[in-house]
Each structure stands twice: as C-alpha cells, then as structure tokens.
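Spelled out from the first residue to the last, the chains are:
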Amino acid sequence: MNKRSFSSSLSWRIIGIVSTIFFIAMVVIAIVSHQIIADEATRSTQHILHGTISELEKPLNTVEVTTKSIAAYISTLQAQPKVLQAISDRTVEVSELINGFAILFVLPDGSIDTLRPAIFSSYVNDSVHEFHPDSQQLQLLAASWNLEHILKTKMASWTAPYRPLDSRSSRIVSYCYPLVDAKLNVYAVVISDMFIDQIESTVEGLRPYDNSIATLIFNKDNIIGIKSSDSDLINRYKHSFSGNSSFQEVVEDLKSNKDSLHRRVGKGREIAFVVYGPLHNGWKLSITCPYKEVLRRSTQMHIALLIIGIFGLTIIFFVCRHVIRRMTRPITELSVSALNMAKGNFKAKLPEIKSQDEMRRLHDSFFYMQNSITDYIDQLKTTKNENERMESELNVARKIQSGMLSTEFPPHLHAMVSPAREVGGDLYDFILKGDCLHFAVGDVSGKGVPASIMMAITRATLHFMAGLGLPLHESIGKINNSVADGNSNDMFVTLFIARIDLKTLRMDFCNAGHNPLVVVPPDGKPYFLKAKSNLAVGLFENFPYETESIDLQPGTRLVAYTDGVTEAENAAMEQYGNERLLEEVGKMGHDMDNKTAVDQLYRSVLDFTNGNPQNDDITIISLTV
Amino acid sequence: MDIKITKEDNKTFVAIDGRIDTTTVNQFQEAANELMGDEHPDIDIDCTALSYTSSQGLRTFLMLQKSVMKHGGKLVLRNMNPQVKEVFDITGFSNIITII
C-alpha cells in the first residue's frame, strides 16, 4: 500500500511536470544557444582573420611598392655597378622594413651572369654591410628565392622564410621582382628582404579563444604560428586534422583562392572550427578554434543554470508540500472528526475553516450531516422509548387477555391459544354448570390489537350469556346484536357455541360462520360435524340464528379449532388443510388425555409449517364425553 | 396479487389474480375503496384466479357488499374455486353475497 501522503504525492507530480518542462527547456536553450554562440564565434573569428590579413599585408605592400619603384629606376638607368651598389646601400639604410637588398643579373638562358656581379646590401646593427657571396652561396640563395620559378613565370613573388647567409640573425622572407628587357627576357631580379619576427609575433598573438591556433601557411612545408613549446597543441592540432581529410580540404580550398572560408574539423569531443583566407601574395592565414573553448562559458552557464534549477525545484517541492498540507489540513481533521463520529461521539468538534472554497462546503456538508444524524438519533431514541412503552403495554394487554381465557380446565377438556402477535383475536370459553358443559370457540376477523379488543367484548358477553341458560341461538343473537351495534369497522367474529348434557350426552350447538367441529366417535373415523353455517357474528343485526342438536356416543372426542390450524402455511405456501386435520385427529387414541391430544395436534401444525412464520392465531380445544 | 378493473356501461368488471393474505389485503382494500366511491353500483368480480382469501379479505368483500347495497346495485362473485368457496360457506358469507 502506498503510504505517501496526499500532499507529498501531489507535490511529486507537480515537481515531475515542472522538472520535465524545465529540462526540456534547458536542452532546447543549450542546443540553440550553442548554435548561436558557435555561429557568432565563427563570424567574429572570420572578422579577426580579415583584420589580421590586412595588417599582415600592409608591410608586404610597402616592401613591394618600394622594390618596384627601385626596380623601375634601375631598368631605366642602365647604371654602373657602383651606382647600383649605392642605391642598394641607400635602400637598406633608409627603409624601415627592408633590411636586405640584392640585385642579381641573369643571362637569357637563365644562368647567373658572372660578368656583372650581383649586388648585396644588408643593414645590421645600424650600419650598412655589403656581401659578396661565392658561387656555392649564390646557388643556395637562388634556391631560397626559387629563382627558377621566377625566371619561368617572369612574375614577382615572395619566398618562404629562410635563414640569411650573412650576419643577420633572424629569419627573413624576400620579395623577388624580375626585370624584363624588350625581348621579354629576364635580365635581372631585384630582391628585398624583410624580417619575419613581426609577422610571426602577429600570428602567434592571434588567439581569439584559449587553445585556439593561428597559422600562416607559406607553402606545404612552411607553416608558422605553432611554437615548439606548444607540443601538446601541435599534437592536438594535427589530431584534429588527421581524423579525416579536412586538412587536405582546407589546402584545396586555399588553393582555389576562395574568400571567407570556414570548416568544421576533428571528431568526438575534439571538434573545432577553422577559418582561413589567402593573403594577396598567396600566403594563407588560418585560425582553428576548438568548440570546447568557444562554448566553455556557455557550458558553465548551463551547468550553473542546471544547479539553480535543481535547487529551485527542491524548494518548490517543499513549498508545494507545505502549502498543500496546509490547504488539506481540514480534510485530515475532518477525517478525525468522522472517525470520532463513527465511534459514537456525534458531538465531535469540527475544524474551523476560514476560507470560502470547497473545504468550506465540505465542512458545511459535514456539519449538516452531523446535525442531521444527531437529530435522527434523538428521534430514534424517542421512537425507541415509545416502542418500548407500547411493547410493555402490549405485554400487559397480553397478560390481561390470557387471563381472560381460563386455564383451569374441568375434567375431560383442554384448550390452548397461540396468538400470531402479542395479542390475538381467537377465543375459547367453557363453563361447567351442574351436568351441563358449555363451551365455545371463536375467531375475530383480522389479528393484533383491533382483533383483541373485539375478542375481549365477545368473550365477556359470551361468558355472561352462558350463565343465563338461554337457548343457544338466542344467546348468539344477542351477542350478534351487541357486536353489530356500532361496528363501523365491519369486523366480525366466527363463533361456535355448544352445550352438552353430560348425563344424556345430547349436544345443542349453534354455529355462527365457524369452522366445523371434528367428531371422533368411539371405534369410528373422525368427521366434520354437519351444521348450518348461519352467519358470522357482528355483521347484520337480528340475523336469524338456529340451534341444532346431536346425540353423542359415550367415548366420543370433539376437537374444535380456528382457521389458524387449517390455513397454517409452510414455506411452499401449502395449507395444513382439512384432510391433514382429520388424519391427525384420527391418530389420537380414545384413551389419550385431552392435553396430550391438543399438544400433539399443535405439534403437527408446527412440524408442517416447519418454522414458517405463523400468520394467524391458532386455537385448539379437545374434549371427551 | 394482480387486480384488473374495467368498466362497461354501468357495470364494473374486476378480475383478481393471486392471494388475498396479510401482505396483499391492503392492496385489495384500496382497490375496493375506489369501487365503493363509484357511481356505477353493479360490480362483477371474476375469482377464477383467486387462490386464497384471509378473514380480512372476507371483511373487504363484506364492505363492498354493503356499499353496493347502499347504492342499489348488485355484487356478483364468479368462478370461485372450491377452497375459497368453502371459506365463504363456513363463515356464512355465501348467505349474503351472490356467488355464482
């Protein structure tokens, strides 16, 4: 069973929903912001790249312009070697950028003109030095300048960095400008040297992000920008290119002289973007930035946001739980009140509710229910007391009624009454007066209290009449008139009265609508006494009743009863019936005493009904003569 | 118990199906009360399907008889089965109510 409280489970649900939304939002924000930041970083890096390219191109342009001017001057001058040497010396002395200058004469076949010696000047430690290389040194320089290529293309070009052969300390790059004669043959090449330190420091200082790498590519074998101390960086840089063919693609891109290029390189967590662009002289500048560094701050912000979010969700959970617990406290308290009420304390105190919401309605309903139940229970108590009073009165009535029916039987007679309710409408009576035995059995229509009142009247009148010694039909007639008078309720009494002269055994009888008597002659089968039915008592005044007579044999048993016997029903709604009655009476021996006979017949009725509720009063009388 | 009441001209036809006992006597009494207030005094009751009547049922038949007599009409009970007829005979009701 889930024992988690309502407030907790509701809070958990709220937190579940809120955190789901929060995390989805976080993921979306992270993806979008990373994209934006990466795009922005690419753009700004490209901007930096172009700025740097312009910056790098400025001294190159200066050198180129200067060199071209001097070259033009030389070509028109056809000057003497001395003059040329002076121009060369003067150039390195005056120019801030050009620290070395040379003029090399070549023959039309491309070989170096040995008749016209090359002129070399350099500016070292604030003074001009002249340099006269031997032929081997000259070959080395020609290689550095890529002389063969210049002669072939007849185009000016910049060299890759190389170490000068004279006393200059730093690496240099040279601008080589060919001079062409009227036959379009190169007859001389003018060379201006420039230190590479400044370019190097510019490139190396180019770090828009931590761990980003800027490189200047002169050709495949000459790359500057990666210092030997950055060995880890070199490895990573190489790794980022070696994972795929990206480096080759970058080179291809650069060869195609495209402008504003960028690519994504590397794989896994080491991915980076690289932006690159060519300088006007064919050199290429590239900047590689690892995404990890670019997004570092944004990632840190996301982690901070996540921590704040989790912290906030925790606070929301506790606040929610607290608020819900406070709001639902009345329910908890009402349940305690309900439990108290269930234990019988209907005056259980209800919690106070100040709000005007559903809790208030629940409280009001509860209050209403409490009052209703209290009222109902009070009413029930009153009713119960009333019932108890009536029950005790009924008990008294029952005693009075059973007191009316004599239980001190003369010899040879026994009777019993079993009312269906507390009081009943059946009656019997007997008087032994001299040799005359009067007896009567009657049944008031209906049962319960109304029948019992009628029964009492009838019984009293009957007993009174028996004492007067009137003919039976007269007695019944008087009883009839007495009952019928004022009988607005149309109740009636079936009555059988008889008088037996115990000496002559002559029985006079009058039947007012009652069930016929069972006669059991000695050594004979029981039968129903044939009698005029007349009419039940109490219906019509002055009804002409008739008295009949029969002579009984000694040893005859008479059994009188009410319809409670013959109409007793079992659960299958079958009636006891006349046949069964005759059969049961037939089982009684002549020597059986009347009490046993009555009990036996009553027992057979109970056996027949087998616990089915008795729905009418039962009366049985047995007498023997 | 089922009581069907139909009216034709000045005659009321009633058919009783079932038992008139402690549980149904009130229903019968209510039906009888309606008939007693009726202007058409002749009542014909078909008792073919009446299987039993208690003494309280008899009382209601009696009240109906008295009411019909007062209005100058006639109450007729038809096709009564022998068991029910016996009750009417024993109590002498056969003497005051027409049973055919």
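Just above, that's the structure.
Moving on, we come to the pattern of salt bridges. Residue and element names in this part refer to chain A. Applying the stated criterion across every chain yields a total of 19 salt bridges over all chains. As a salt-bridge pair, Arg-43 and Glu-40 come within 3.2 Å of each other at their nearest N and O atoms. Taken together, the positions of Arg-43 and Glu-40, both in helix α1 (residues 6-77) and three residues apart, correspond to about one turn of that helix. Relative accessible area serves as the criterion here: at 49%, Arg-43 is assigned to the partly exposed category. Relative accessible area serves as the criterion here: at 42%, Glu-40 is assigned to the partly exposed category. Bridged by salt links that share partners, the residues Glu-386, Arg-389 and Glu-393 form one connected network.

Once that is clear, we can look at the side chain of B:Thr24. All names here are of chain B. Checked against the element boundaries, Thr-24 lands in the loop between β2 (11-20) and α1 (25-36). Thr-24 gets classed as buried once you look at its relative accessible area, which sits at 12%. Apart from the residues lying within four places of it in its own chain, the contact partners of Thr-24 are Met-1 and Arg-19.

For the rest of this paragraph, the subject is the nonpolar core. Residues and elements named next belong to chain A. In terms of nonpolar packing, the biggest core is built from 77 residues, with Phe-439 and Met-507 touching the most fellow members. Not counting residues within four places of it along the chain, the set of residues in contact with Phe-439 comprises Leu-413, Asp-429, Phe-430, Phe-496, Ile-497, Ala-498, Ile-500, Met-507, Leu-517, Ala-560 and Leu-623. Of all hydrophobic cores here, the second largest spans 44 residues; its members include Ala-41, Val-92, Phe-101 and Phe-218.

In this assembly, 19 residues from chain B lie in contact with 26 residues from chain A. On the chain B side of the contact with chain A, B:Arg19, B:Arg59 and B:Ile90 bury the most area, a combined 28% of that side's loss. Our count for the contact surface shared by chain B and chain A stands at two salt bridges. Of the charged contacts in the structure, one is a salt bridge between B:Arg19 and A:Glu569, with a shortest N-O distance of 2.5 Å. Counting every contact that joins chain B to chain A gives eight residue pairs in polar contact (both at pLDDT 80 or more). Those elements giving two or more residues to the side of chain B that touches chain A turn out to be α2 (55-70) and α3 (82-91) of chain B.

Residue and element names in this part refer to chain B. Mapped onto the elements of the fold, Asp-17 is located in strand β2. Given the relative accessible area of 43%, Asp-17 is considered partly exposed. Along the backbone, Asp-17 and Asp-2 are 15 residues apart, and their C-alpha atoms lie at a distance of 5.0 Å.

Where strands meet in a sheet, backbone hydrogen bonds hold them as pairs that are either parallel or antiparallel. Residue and element names in this part refer to chain A. Strands sit in the order β12-β21-β20-β17-β18 across an open sheet of five strands; the sheet is antiparallel. Whereas interior strands pair on both sides, the edge strands pair on one side only; in this sheet they are β12 (413-418) and β18 (527-528). Summarising the sheet, strand β17 (residues 518-520) and β18 pair through two bridges and their orientation is antiparallel. Among the inter-strand pairings, Val-518 is bridged to a residue of β18, identified as Phe-528. Across the sheet, helix α16 (residues 594-609) lies against β12, β20 (557-561) and β21 (618-624), angled at about 145 degrees from β21, the strand it touches most.

Time to look at the environment of A:Thr609. All names here are of chain A. Along the chain, the position of Thr-609 falls in helix α16. Judged by its relative accessible area of 10%, Thr-609 falls in the buried class. Sequence separation of Thr-609 and Tyr-576 is 33 residues, and the distance between their C-alpha atoms is 8.0 Å. Among residues more than four places away in sequence, those in contact with Thr-609 are Ala-568, Glu-569, Asn-570 and Ala-571.

A word on the packing of aromatic side chains. In the structure shown here, the tally under the stated rule is 20 aromatic pairs over all chains. With a centroid separation of 6.0 Å and an interplanar angle of 15 degrees, the aromatic rings of A:Phe120 and A:Trp145 are classed as stacked. Taken together, the residues A:Phe120 in strand β2 (residues 119-124) and A:Trp145 in helix α3 (residues 135-145) connect sequence positions 25 residues apart. With a relative accessible area of 8%, A:Phe120 lands in the buried category. Taking relative accessible area as the criterion, A:Trp145 reaches 3% and is therefore assigned buried. Each ring, one from A:Tyr428 and one from A:Phe430, has its centre 6.3 Å from the other, and the planes form 5 degrees; the classification is stacked. The structure contains a cluster of three or more aromatic residues connected by ring pairs, namely A:Phe492, B:Phe28, B:Phe61, B:Phe88 and B:Phe93. Of note, A:Arg116 hangs over the ring of A:Phe105, and the distance from its end group to the ring centre comes to 3.9 Å. The positively charged end of B:Lys66 is found above the aromatic ring belonging to A:Phe540, 5.6 Å away from the centroid.

All names here are of chain A. With antiparallel pairing, five strands are arranged side by side in an open sheet as β13-β14-β15-β16-β19. With one partner strand each, in any of the chains shown, β13 (426-433) and β19 (548-551) form the two edges of the open sheet. When strand polarity is set aside, the average angle formed by the axes of neighbouring strands in this sheet is 15 degrees. Pairing analysis gives nine bridges linking strand β14 (residues 436-444) to strand β15 (residues 493-501), with the strands arranged antiparallel. Note on β15: the bridge partner recorded for Gly-442 is Leu-495. Along the sheet face, helix α12 (residues 448-468) touches β13, β14 and β15 and points at about 15 degrees away from the line of β13.

Rules used in this analysis
Residues numbered from 1 in each chain as written. Chains lettered and ligands numbered in written order. Predicted model: local features only at pLDDT ≥ 70, side-chain atom pairs only at ≥ 80, totals over all residues. Heavy atoms only, no water. Salt bridge = Lys/Arg side-chain N within 4 Å of Asp/Glu carboxyl O. Helix = DSSP H or I, 4+ residues; strand = E, 2+ residues; numbered from the N terminus. Buried < 20%, exposed > 50% of the residue type's maximum accessible area, 1.4 Å probe, protein only. Contact = heavy atoms within 4.5 Å. Core = buried A, V, L, I, M, F, W, Y, C linked by side-chain atoms within 4.5 Å. Buried area = accessible area lost by both parts, 1.4 Å probe. Polar contact = N/O pair within 3.5 Å; in protein donor to acceptor, adjacent residues only side chain to side chain. Pairing = 2+ DSSP bridges. Axes fitted to C-alpha atoms, helices over the stretch in contact; angles between N-to-C directions. Phe/Tyr/Trp six-rings, centres within 6.5 Å; stacked < 30°, edge-to-face > 60°. Lys NZ or Arg CZ within 6 Å of the ring centre and 35° of its normal.

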